[in-house]
Amino acid sequence: MKKYLLVQTIILALGIAVAWFSVIGDFNRFYQTEGTIFKIANCTYPNPVTTPCFYGAIAFVITFIWSFRLWRKQELLLSSQKYLMWLLCAGTAFAWTNFGLSWYRFTQATSGGSFTCSGVPMANPFLTPCFFGSVLFSAAFITAAYIFFTLTSTKAKID
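Let us look at the structure shown here. All values derive from a computational prediction rather than experimental measurement.

1. Some thoughts on the overall build of the chain
Part 1: The helix and strand inventory of the chain stands at four helices and two strands.
Part 2: Overall, the chain shows an N-to-C arrangement of helices and strands of α-α-α-β-β-α.
Part 3: Taken along its principal axes, the extent of the C-alpha atoms in the chain is 55 × 35 × 20 Å.
Part 4: Here the chain holds 159 residues, and the buried ones make up 37% of them.
Part 5: By sequence separation, contacts in the chain at least 24 residues apart represent 68% of the contacts at least 6 residues apart.
Part 6: Carbon together with sulfur atoms contributes 69% to the accessible area of the chain, which is approximately 9,000 Å² in total.
Part 7: Computing the positive centroid from 11 side-chain charges and the negative centroid from 4, the chain places the two 7 Å apart.

Listed below in structure tokens is the structure:
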């Protein structure tokens, strides 16, 4: 079971990389345009703190730390894995909802094009960080559910 906990942790680490690469790029673009990171209204690009990607990035960090701690423990706390699984379920729903909105905006766009929630033109919604984050949240959720249900059904050990 320890190897599945490691897989879960690695998936979440990849999620951190994708999400924070995007968020840092958004902050850089915002600062270059606005000259500050504290402006919220009347901006060329939305402040990254107001975008779903920022909150998804925070969720990746929280779930990664949680998963890492479970992986490092000698004894798996079943209740902790269960709550992590439900948090990943919520993160997955949040991510796919935001991707769905991006996809909808893309399909409804006129010749002017469509934009991501970060204000960047979108050529294809399946090439956005939102899509990759959604896939990684889903993979982490599926892994967490597998771990939880395997442990509850077989009383398997962590090793």
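Anyway, onward from the coordinates.
2. Concerning the nonpolar core
Part 1: Core analysis: the largest hydrophobic core is formed by 25 residues, its most contacted members being Leu 5, Phe 60, Leu 76, Leu 88 and Ile 147.
Part 2: In terms of residue count, the dominant contributor to this core is helix H4 (residues 129–154) (eight residues).

3. A few points about the packing of helix H2 (residues 52–72) against H4
Part 1: Across the interface, H2 lies against H4 with an axial gap of 12 Å and an inter-helix angle of 30°. Taken together, the axis directions place H2 and H4 in an arrangement best described as roughly parallel. Crossing angle aside, the handedness with which H2 passes H4 is left-handed. Between H2 and H4, the contacting residues are Gly 56, Ala 59 and Phe 60 on the first element and Gly 133, Leu 136 and Phe 137 on the second.
Part 2: Of the residues that constitute the contact of H2 with H4, the class distribution is four nonpolar, two polar and no charged.

4. Focus: the pattern of salt bridges
Part 1: Going through the model one piece at a time under the given rule, you end up with two salt bridges.
Part 2: With a closest N to O distance of 2.9 Å, Glu 34 and Lys 39 form a salt bridge.
Part 3: Taking the relative accessible area as the measure of exposure, Lys 39 reaches 31% and is therefore partly exposed.

5. Section: the environment of Ala 59
Part 1: Following the sequence through the fold, Ala 59 ends up in helix H2.
Part 2: Sequence separation of Ala 59 and Gly 25 is 34 residues, and the distance between their C-alpha atoms is 18 Å.

6. Concerning the side chain of Ser 67
Part 1: Tracing the backbone through its elements, the reader meets Ser 67 in helix H2.
Part 2: Discounting residues that sit within four places of it in the chain, Ser 67 has contacts with Leu 5, Gln 8, Thr 9, Leu 12 and Leu 84.

7. Notes on the environment of Phe 27
Part 1: The residue Phe 27 is located in helix H1 (residues 2–34) in this model.
Part 2: In this structure, the C-alpha to C-alpha distance between Phe 27 and Pro 46, residues 19 residues apart in sequence, is 9.6 Å.
Part 3: Once you skip the residues sitting within four places of it in the chain, Phe 27 turns out to touch Ile 37, Asn 47, Pro 48, Val 49 and Phe 54.

8. Details of a nonpolar patch on the surface
Part 1: Where nonpolar side chains cluster on the molecular surface, the patch consists of Val 49, Tyr 55, Ile 58, Ile 62, Leu 87 and Phe 94 and spans about 470 Å² of accessible area.
Part 2: With three residues, H2 is the single largest residue contributor to the nonpolar patch.
Part 3: By the secondary structure assignment, Leu 87 is in helix H3 (residues 78–108).
Part 4: In this structure Leu 87 comes out as partly exposed when scored by relative accessible area, which is 33%.

9. Quick word on the packing of aromatic side chains
Part 1: Evaluated as defined, the whole model comprises 14 aromatic pairs.
Part 2: Look at Phe 27 and Phe 54: their rings are 6.1 Å apart centre to centre, the planes differ by 75°, and that puts the pair in the edge-to-face class. With Phe 27 in helix H1 and Phe 54 in helix H2, this pair connects stretches of sequence that are 27 residues apart.
Part 3: Residue classification places Phe 54 among the buried positions, given a relative accessible area of 14%.
Part 4: Each member of the aromatic cluster is reached from another via a ring pair, and the members are Trp 96, Phe 99, Phe 126, Phe 131 and Phe 132.
Part 5: Of note, Arg 29 hangs over the ring of Tyr 45, and the distance from its end group to the ring centre comes to 5.5 Å.
Part 6: The ring of Trp 71 has Arg 72 lying over it, and the distance from NZ or CZ to the ring centre is 5.3 Å.

Analysis parameters
- Residues numbered from 1 in each chain as written.
- Predicted model: local features only at pLDDT ≥ 70, side-chain atom pairs only at ≥ 80, totals over all residues.
- Heavy atoms only, no water.
- Helix = DSSP H or I, 4+ residues; strand = E, 2+ residues; numbered from the N terminus.
- Buried < 20%, exposed > 50% of the residue type's maximum accessible area, 1.4 Å probe, protein only.
- Contact = heavy atoms within 4.5 Å.
- Areas by Shrake-Rupley, 256 points an atom, 1.4 Å probe, with all protein chains shown as cover.
- Lys, Arg positive; Asp, Glu negative; His and termini not counted.
- Charge placed at Lys NZ, Arg CZ, Asp CG, Glu CD.
- Core = buried A, V, L, I, M, F, W, Y, C linked by side-chain atoms within 4.5 Å.
- Axes fitted to C-alpha atoms, helices over the stretch in contact; angles between N-to-C directions.
- Parallel < 35°, antiparallel > 145°, perpendicular 65-115°, else oblique.
- Left-handed = near helix turned anticlockwise from the far one by under 90°.
- Nonpolar A, V, L, I, M, F, W, Y, C, P; charged D, E, K, R; others polar.
- Salt bridge = Lys/Arg side-chain N within 4 Å of Asp/Glu carboxyl O.
- Patch = residues over 30% accessible without salt bridge, like charges linked within 9 Å, V, L, I, M, F, W, Y side chains within 5 Å.
- Phe/Tyr/Trp six-rings, centres within 6.5 Å; stacked < 30°, edge-to-face > 60°.
- Lys NZ or Arg CZ within 6 Å of the ring centre and 35° of its normal.

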